[in-house]
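For reference, the chains in residue letters:
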Amino acid sequence: MRFRLYIPALTLAMLAVGCTSHVADKQQFSGFLGDYSQLKSEQSPSGKPTLRWISPDYHSADYTNVVFEPVVYYPAARPTERISQQTLDQIRQYTDSQLKRAVAERKPVVGKPGAHTLRVKSAITAVTAENEGVQFYEVVPIAAVVASTMAATGHRTQNSALFLEVEAVDAQTGKPMIKVVRKAFGKSLPNNSTPITLNDLRPGIDEMIRDVVAFSAP
């Protein structure tokens, strides 16, 4: 099942002259993080644009352990003709295992919250296929989709991408410490009918994971 939010033709024409966005915009926030108002555009360790907020109360040395919650889809993923349930499961499992490994390289992962412990929660909020050189995007499986018509786009090459939202909170108080929204680009797809696979998205996921390992905060 595919959900579409159609916007006026004039707006589509204006968007068509733009370029592919390298960070998520407000229309693409899923609600998983709750409050997005403090996010700012920053650079990841690899130089990729990302949206991030770090609480002024956060000090890395105050936290010695991390409780890692499994990566989820938010909203719930639904397979389509372009992405199967098996592929959705593979993408989630791979992202989960790699992100947990990256977090464990920074701080020990523990099973129970306690003093000096962060709780890390994360969600894949969309898997996308965007036409190269324009701002139209098709989102799978997120509910609200801004999409051009076939007549407007044809069969141009598309960029595959994955959206990930991550929040680290104080495990005892629940106070947010870090919020991140990352759009990770994968391989190019020949056209808007090509199925999206884990192998297409893997380069973007891997780059994102390397940035997690390399990330530093006061």
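In this text, all values refer to a predicted model and were calculated from it rather than measured experimentally.

### Notes on unusual backbone geometry
- Here the bond from Tyr 74 into Pro 75 is cis, since omega is 0°, no more than 30 degrees from zero.
- Positionally, Pro 75 belongs in the loop between strand E4 (72-73) and helix H2 (85-106).
- Positive phi outside glycine occurs at His 116, with the angle close to 60°.
- Mapped onto the secondary structure, His 116 falls in the loop between strand E5 (109-110) and strand E6 (117-131).

### Some words on the pattern of salt bridges
- Counting across every chain of the model gives seven salt bridges.
- We note a salt bridge from Lys 175 to Asp 57, for which the minimum N-O separation is 2.4 Å. Here Lys 175 is found in the loop between strand E8 (158-170) and strand E9 (176-189), whereas its partner Asp 57 is found in the loop between strand E2 (49-54) and strand E3 (65-68), with 118 residues between them in sequence.
- Judged by its relative accessible area of 42%, Asp 57 is partly exposed.

### Observations regarding the packing of H2 against helix H4 (residues 198-214)
- At a closest axis distance of 9 Å, the pairing of H2 and H4 adopts a crossing angle of 15°. The angle between H2 and H4 falls in the class roughly parallel. H4 is crossed by H2, and the crossing has right-handed handedness. Together, Thr 87, Gln 90, Ile 91, Tyr 94, Thr 95, Gln 98, Leu 99, Arg 101, Ala 102, Glu 105 and Arg 106 of H2 and Leu 198, Leu 201, Arg 202, Ile 205, Asp 206, Ile 209, Val 212, Val 213 and Ala 214 of H4 make up the contact between the two elements.
- The class makeup of the residues in the contact of H2 with H4 is eleven nonpolar, four polar and five charged.

### Quick word on the nonpolar core
- Counting residues in hydrophobic clusters, the biggest one holds 34 residues, and the most contacted among them are Ile 91, Ile 124, Val 127, Leu 162, Leu 164, Leu 201 and Ile 205.
- No other element matches H2, which puts six residues into this core.
- Setting aside residues up to four positions removed in sequence, Ile 124 forms contacts with Val 71, Val 72, Tyr 73, Tyr 74, Ile 91, Arg 92, Thr 95, Leu 162, Phe 163 and Leu 164.
- Counting ten residues, the second-largest nonpolar core is a separate cluster that includes Leu 33, Trp 53, Ala 126 and Phe 163.

### A short note on H2
- Over its 22 residues, H2 extends 32 Å from the first C-alpha to the last, a length consistent with the 32 Å expected when each residue adds 1.5 Å.
- For H2, the set of buried residues is Thr 87, Leu 88, Ile 91, Tyr 94, Thr 95, Asp 96, Gln 98, Leu 99, Ala 102 and Val 103.
- At its buried positions, H2 is contacted by E3, E4, E5, E6, E8 and H4.

### Quick word on the pairing of E6
- Counting buried positions along E6 gives 13 out of 15 residues, so the element sits mostly inside the fold.
- Sheet analysis places E6 next to E8, joined by 13 bridges and oriented antiparallel. Looking at the pairing, Glu 130 lines up with Asn 159 of E8.

### Here we look at H4
- Here H4 is 17 residues long and its end C-alpha atoms lie 23 Å apart, about the 24 Å a rise of 1.5 Å per residue gives.
- Its axis deflected by about 25° at Gly 204, H4 carries its strongest bend there.
- Summarising the contacts, the buried residues of H4 are in contact with H2, E6, E8 and E9.

### Some remarks on the confidence of the model for the chain
- For the chain, mean pLDDT is 81; residues scoring 70 or higher make up 79% of the total.
- Within the chain, the element-level pLDDT minimum falls on helix H1 (residues 9-16), averaging 32, and the maximum on E3, averaging 97.
- Taken together, the stretch residues 1-20 has pLDDT below 50 and engages in 39 contacts with residues farther than four places along the chain or on a different chain.
- Long-range and interchain partners of residues 134-154, a stretch whose pLDDT sits below 50, account for 67 contacts in this model, where long-range means more than four residues apart.

### Focus on the packing of aromatic side chains
- Within this structure, the stated rule accounts for three aromatic pairs.
- Arranged with centres 4.4 Å apart and planes meeting at 5°, the rings of Phe 29 and Tyr 36 form a pair that is stacked.
- According to the relative accessible area criterion, Tyr 36 is buried, its value standing at 12%.
- Judged by centre distance (5.8 Å) and plane angle (15°), the ring pair of Tyr 58 and Tyr 63 falls under stacked.
- The lysine or arginine in question, Arg 202, covers the ring of Tyr 94, its NZ or CZ lying 4.7 Å from the ring centre.

Cut-offs applied
- Residues numbered from 1 in each chain as written.
- Predicted model: local features only at pLDDT ≥ 70, side-chain atom pairs only at ≥ 80, totals over all residues.
- Heavy atoms only, no water.
- Helix = DSSP H or I, 4+ residues; strand = E, 2+ residues; numbered from the N terminus.
- Salt bridge = Lys/Arg side-chain N within 4 Å of Asp/Glu carboxyl O.
- Buried < 20%, exposed > 50% of the residue type's maximum accessible area, 1.4 Å probe, protein only.
- Axes fitted to C-alpha atoms, helices over the stretch in contact; angles between N-to-C directions.
- Parallel < 35°, antiparallel > 145°, perpendicular 65-115°, else oblique.
- Left-handed = near helix turned anticlockwise from the far one by under 90°.
- Contact = heavy atoms within 4.5 Å.
- Nonpolar A, V, L, I, M, F, W, Y, C, P; charged D, E, K, R; others polar.
- Core = buried A, V, L, I, M, F, W, Y, C linked by side-chain atoms within 4.5 Å.
- Expected span 1.5 Å × (residues − 1).
- Pairing = 2+ DSSP bridges.
- Bend = angle between axes of the 7 residues up to and from the residue.
- pLDDT = per-residue confidence, 0-100.
- Phe/Tyr/Trp six-rings, centres within 6.5 Å; stacked < 30°, edge-to-face > 60°.
- Lys NZ or Arg CZ within 6 Å of the ring centre and 35° of its normal.

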